[in-house]
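# Inside the fold
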Amino acid sequence: MRSRSTTIAIVFALLALMHPSRADEPSREYQIKAAFIYNFVQFVEWPASAFESDASPITIAILGSNPFGDELERVVQGKTVNGRSLAVRYFSRIEEVNQCQVLFVDSSDQSFLAALHDKLKDKNVLSIGEAEQFLWTGGVIRFYSEDNKVRFEVNQEAAEQARLKISSKLLRLSKIFTK
Amino acid sequence: MYRTQTTIFTALVFLCLIGLTAVARGEQPTTQASAASPPANDLSNLSLEDLMNVEVTSVSKKQQPMADAPAAISVISQDDIARSGFSTIPDLLRLAPGMDVARINSSTWAVSARGLNDEFANNLLVLQDGRSLYNPLFGGVFWNTVDYVLPDLDRIEVIRGPGATLWGANAVNGVINITTKDAQDTQGWLLDSRGSNQDSNLSVRYGGKLADDTYYRVYTKASYDEALDTSSGGDAGDDWYAMRGGFRIDKHASDQDSFTLQGDVNEDRAQLPTEVPIFTPPFLQTKTFGESATTGNVLGRWTHRVDDDSDFALQLYYDYFGQHGPDAEYDQHTIDLDFHDRFVLGERNEIMWGFGYRAVNSTFLQNDQIAFDPPTRTDSLYNAFVQDTITLEPRQWFLTMGSKFEHNDYTGFEIEPSVRLLWTPNEHNSVWAAVSRAVRTPTIVESDVDFVASRFQIPTGTGATVPGEALLHGNPDIQSEKLTAYELGYRMQPTKQFSVDLATFYNNYGDISEAIPSGAAQPGVPVIIPLTEENAISGDTYGGEIASTLQVTDAWRLTGSYSLLESTFFSTVGPAAMADAKEEQGSAPQQQAQVHSYWDITRNLQLNAGIYYTGRVTEFDIPAYVTTDLNLVWQPKEGMELKVGVLGAFDNHHPEYGVSDGQGLPSEPPRTVYAELSYKF
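Worth saying up front: this structure is predicted, and the values here are computed from it rather than measured.

Conventions adopted
- Residues numbered from 1 in each chain as written.
- Chains lettered and ligands numbered in written order.
- Predicted model: local features only at pLDDT ≥ 70, side-chain atom pairs only at ≥ 80, totals over all residues.
- Heavy atoms only, no water.
- Helix = DSSP H or I, 4+ residues; strand = E, 2+ residues; numbered from the N terminus.
- Contact = heavy atoms within 4.5 Å.
- Areas by Shrake-Rupley, 256 points an atom, 1.4 Å probe, with all protein chains shown as cover.
- Phe/Tyr/Trp six-rings, centres within 6.5 Å; stacked < 30°, edge-to-face > 60°.
- Buried < 20%, exposed > 50% of the residue type's maximum accessible area, 1.4 Å probe, protein only.
- Lys NZ or Arg CZ within 6 Å of the ring centre and 35° of its normal.
- pLDDT = per-residue confidence, 0-100.
- Arc of directions from axis to C-beta.
- Polar contact = N/O pair within 3.5 Å; in protein donor to acceptor, adjacent residues only side chain to side chain.
- Pairing = 2+ DSSP bridges.
- Axes fitted to C-alpha atoms, helices over the stretch in contact; angles between N-to-C directions.
- Patch = residues over 30% accessible without salt bridge, like charges linked within 9 Å, V, L, I, M, F, W, Y side chains within 5 Å.
- Salt bridge = Lys/Arg side-chain N within 4 Å of Asp/Glu carboxyl O.
- Core = buried A, V, L, I, M, F, W, Y, C linked by side-chain atoms within 4.5 Å.
- Expected span 1.5 Å × (residues − 1).

A tally of regular secondary structure across chain A gives six helices and ten strands. Residue pairs in contact within chain A that sit at least 24 positions apart in sequence constitute 57% of those at least 6 positions apart. For chain A, the computed accessible surface area is about 8500 Å², with 47% contributed by carbon and sulfur atoms.

Following this line, the structure appears as structure tokens:
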């Protein structure tokens, strides 16, 4: 009797050990998307004017709600791309947005997105979103899902407008957006 | 009463532990973010292509693009390879459900699926990056020449059952596709090393960029395997070493076009204790031959994507195989051209078609025991195939039918059709059924050889003896072996965490060739007892494999498989081939099973365990055995991985297979304690 209860207790304890609480961690979906964003940075070329100086980092910013937890910070930690370090910033309002090379927006509010892209118009910012209308409002890359996998769509016109050079390798793997 | 209290106390202690653990885990992300060492399974280490294949709610890290294929397919992923303690490609094949892998000597293996195993198991077609590794001399694979820098392998795809409609002759019991990574995914330095009481190896790879969208890698690998054990635990004298090197260049010229150019060279030297026939008792003499194999290849491939539904590929390769040693001396040059194309016709038809040409030039040197007639030959192989996948009802019913048409210099035209039906009533279940025909074409040995199988003394009436020898003559009129296979499979994935894959088969074989006595003894000195290759055996096999994956928690995955094989082979030429039929029948274990546990203890520490059961092999009287793999993988910093483990914890050594026709001395793999260090920078 005793040994059986003990066994059950041990099994529960082991299960608990193996099933770490993920309260502070992003969902697997956003872990994957963070890895995608890190990959995007490697396949996009910014004009020199996008940076304050040669020593400036490539800054990935998140506007509004943050589904990544600290996953993005963890992903870019200690990494460099083309000699630049990577940094993560958070903005809560459109007005605050400045000095970033990548901007992730977790919003589907069309007027908000339109206002955002209006502000980004002359800036060399790779904007990434998820809303159905994101590329229509001028966004550059949109995540979508297919067969339980993360896919992405690229608005080449918007990329050109932002003077971003997207490698053909990236384009090859993406869906190409047309209006 | 006392016992109950103790139980409650124990339970409380554990509950506290659980609580503490939960608290500790809850805090972990914060500490993790500020810690310098990134995790082992960091998704950001994956290439874009790999990321595209990661499932959002992942059952396993395996890519499963063919989950709905109407065939018995399994994939050994890079993750499976990295978590295993096996250090050779043939041994890694043990991970696939139903694969029968047995090590004979340090440098030789018997590998098959669904029966008919042998050192030169000739029913399994093996390809590496589209290049055939199937040797037309014996009709098998020289596994000692098949290796790579293991972290640069992309995957090993294992198809059990015939694949002849797409891959052609000799894809009878299965097809194995070994794929290496695109050069773009192997950039920078890799140092990969392993040491153990049994084997050691060192690989160095460097990957760089030649131009925009053109990537390359070069590698070299040296490996040394000590002699395995004899049955009494002594040194079997079969040590083996190999040097390899090669390159791969990938150019992704545009969204549409990519080009690959790759090549490898390989030099193997192995000691092989062999029994050679002699005229004096005990009529067999053990000699240890030093054998060397030199191989090399260059392959170019152009892939053109027209759109999502259409693409074509053109591939050309040259392959050299040379075996040099006292018991075999031959050179073989192969040129192979292959084209295939895929397009969608109308709304319901996806067509694949293609054609190919192969020329093989072989030259042999004869010795005391073996000769070939003719000593040099050049063979041509032409093939074409067409296959149509018809959507009978969108998302539900698919019918695939097609055939390969081949012409070879031994048996002329061969046709290898198949019909496959797939039903996916919903996303959780799929059922498939297939009927296919495949052939195994004659080997050069079967057609051309003169081989002294045994030597002895024949008593004469007067009390004296005269020397005699059994001489095997090849048979240029030998026909292909034929298989008609009936398969039925069912896949079920009731939840994202649990899946079951069941494949069953009934195989009907005809015209299996064997060396059988033919005609009367020819007087002379020595007296010659002639043997000839004849299509002498027919038979049936049936059985199946069941494999399952269970994602117990985010950090813990279990996989397991069980396979069953029932064989009946019989002679179609009377008593002459009865013994051979019995050997074929007992050449593979009736049952095999394996269970694996993959546990991510923390983000940079993994514990992997595997246990394998292999049933008895009656042909060689090999008893059933259980072997294990247990290892711990630690990633102290990004790109660096340390693995320590033990293979075969349960016994000091065990036999796995024998050697047909007494032409060798099998040895036994010992318990292996290994350590591996891999560093990417």
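Attention shifts here to unusual backbone geometry. Residue and element names in this part refer to chain B. Of note, the amide linkage connecting Asp-373 to Pro-374 takes the cis form, showing an omega dihedral of 0°. Tracing the backbone through its elements, the reader meets Pro-374 in the loop between strand E17 (370-372) and strand E18 (376-393). Following Val-525, the chain continues to Pro-526 via a peptide bond in cis, the omega torsion being -5°. Here Pro-526 shows up in the loop between strand E25 (498-517) and strand E26 (527-553).

With that settled, consider the packing of aromatic side chains. Scanning the model with the defined rule gives 33 aromatic pairs over all chains in all. Residues B:Trp397 and B:Trp423 carry aromatic rings whose centres are separated by 5.2 Å and whose planes lie at 15° to one another, so their mutual orientation is stacked. Residue B:Trp397 is located in strand E19 (residues 397-408), and its partner B:Trp423 is located in strand E20 (residues 412-426); the two are separated by 26 residues in the primary sequence. Take B:Trp397: its relative accessible area is 29%, and that puts it in the partly exposed class. Relative accessible area serves as the criterion here: at 31%, B:Trp423 is assigned to the partly exposed category. Ring-pair connections join several aromatic residues into one group, and the members of that group are B:Phe120, B:Phe138, B:Phe142, B:Phe321, B:Tyr330, B:Phe364 and B:Phe372. The positively charged end of A:Lys33 is found above the aromatic ring belonging to A:Tyr30, 4.8 Å away from the centroid. Positioned over the ring face of A:Tyr38 is A:Lys79, at 4.9 Å from the centre of the ring.

A few words on the confidence of the model for chain B. All names here are of chain B. Averaged over every residue, the pLDDT of chain B is 87; residues scoring 70 or more account for 91%. For chain B, the element scoring lowest by mean pLDDT is helix H1 (residues 2-34), at 40; helix H4 (residues 89-92) scores highest, at 97. The model gives residues 8-41 a pLDDT under 50, and that stretch makes 43 contacts with residues more than four places away or in other chains. As a predicted assembly, this complex carries a pTM of 0.74 together with an ipTM value of 0.74.

Next up on the list: helix H4 (residues 110-120) of chain A. Residue and element names in this part refer to chain A. Looking only at H4, the buried set comprises Leu-113, Leu-116, His-117 and Leu-120. For H4, the angular spread of the buried residues around the axis is 95°, confining them to a single face. Looking at the buried positions of H4, the neighbouring elements they touch are strand E2 (58-63), strand E5 (102-105) and strand E6 (126-129).

On to the side chain of B:Asp147. Residue and element names in this part refer to chain B. Topologically, Asp-147 is positioned in the loop between strand E5 (131-132) and strand E6 (153-160). Under the relative-accessibility criterion, Asp-147 is labelled buried at 12%. Within the structure, Asp-147 has its side chain in polar contact with the side chain of Lys-221 (distance 3.1 Å). Here the side chain of Asp-147 touches Arg-244 through a polar contact of 3.2 Å, side chain to side chain. Each residue touching Asp-147, except ones within four places of it in the same chain, is listed here: Ile-89, Gln-128, Lys-221, Ser-223 and Arg-244.

Below, the discussion takes up the pairing of strand E22 (residues 449-459) of chain B. Residue and element names in this part refer to chain B. Strand direction decides the pairing type here: E17 and E22, joined by three bridges, are antiparallel. Bridge pairing in E22 places Ala-371 opposite Asp-450. Note that E22 and strand E23 (residues 465-473) share nine bridges and pair antiparallel. Each bridged residue has a counterpart across the sheet, and for Phe-456 the counterpart in E23 is Gly-468. With antiparallel pairing between neighbouring strands as the criterion, E22 and E23 make up a hairpin whose turn holds five residues, including Gly-463 at a positive phi of roughly 95°.

Residue and element names in this part refer to chain A. Across the sheet, which stays open at both edges, the eight strands sit in the order E3-E4-E2-E5-E6-E7-E8-E10 with mixed pairing between neighbours. Edge positions in the sheet fall to strand E3 (80-81) and strand E10 (175-176), since each of these pairs with one other strand and no more. Relative to E10, strand E8 (residues 149-154) runs parallel, the two being bridged by two bridges. From the neighbouring strand, Val-154 faces E10, where its bridge partner is Ile-176. Helix-sheet contacts for H4 involve E2, E5 and E6, and the interaxial angle to E5 is about 170°.

Moving on to a nonpolar patch on the surface. All names here are of chain B. A surface patch of nonpolar side chains, about 780 Å² in accessible area, is lined by Phe-259, Trp-302, Leu-314, Leu-316, Tyr-318, Ile-335, Leu-337, Tyr-357 and Tyr-382. Counting residues per element, the ones that place at least two in the nonpolar patch are strand E14 (310-325) and strand E15 (328-345). Per-element tally for the nonpolar patch: the top contributor is E14, with three residues. Among the structural elements, Leu-316 can be located in strand E14.

This next bit is on the environment of B:Gly188. Residue and element names in this part refer to chain B. The residue Gly-188 is located in strand E8 (residues 188-196) in this model. A C-alpha to C-alpha distance of 9.5 Å links Gly-188 and Lys-209, two positions 21 residues apart in sequence. Aside from chain neighbours lying at most four places away, what touches Gly-188 is Arg-205, Tyr-206, Gly-207 and Phe-681.

The next subject is the nonpolar core. Counting 46 residues, the largest nonpolar core has A:Phe36, A:Phe40, A:Trp46, A:Leu126 and A:Phe152 as the members making the most contacts within it. No other element matches helix H2 (residues 28-42) of chain A, which puts nine residues into this core. Leave out the neighbours within four places in its chain, and A:Phe36 touches A:Phe143, A:Val150, A:Phe152, B:Leu48, B:Leu51 and B:Met52. With 35 residues, the next largest nonpolar core counts B:Phe86, B:Val111, B:Val126 and B:Leu647 among its residues.

It is worth spelling out the pattern of salt bridges at this point. Residue and element names in this part refer to chain B. Under the definition given, this model contains 42 salt bridges over all chains. For Arg-420, the salt bridge identified is with Glu-487, shortest N-O distance 3.7 Å. Placement of Arg-420 in strand E20 and of Glu-487 in strand E24 (residues 481-495) is noted, with a sequence separation of 67 residues between them. Judged on exposure class, the residue Arg-420 and its partner Glu-487 are both buried. Notably, a salt bridge pairs Arg-491 with Asp-501, separated by 3.1 Å at the nearest N-O pair. Of the two residues, Arg-491 is situated in strand E24 and Asp-501 in strand E25; the sequence distance between them amounts to ten residues.

Residues and elements named next belong to chain A. With 15 residues, H2 extends 22 Å between its outermost C-alpha atoms, agreeing within 8% with the 21 Å of an ideal straight helix rising 1.5 Å per residue. A large share of H2 lies buried, amounting to twelve of its 15 residues. Taken together, the buried positions of H2 are occupied by Tyr-30, Gln-31, Ile-32, Lys-33, Ala-34, Ala-35, Phe-36, Ile-37, Tyr-38, Asn-39, Phe-40 and Val-41.

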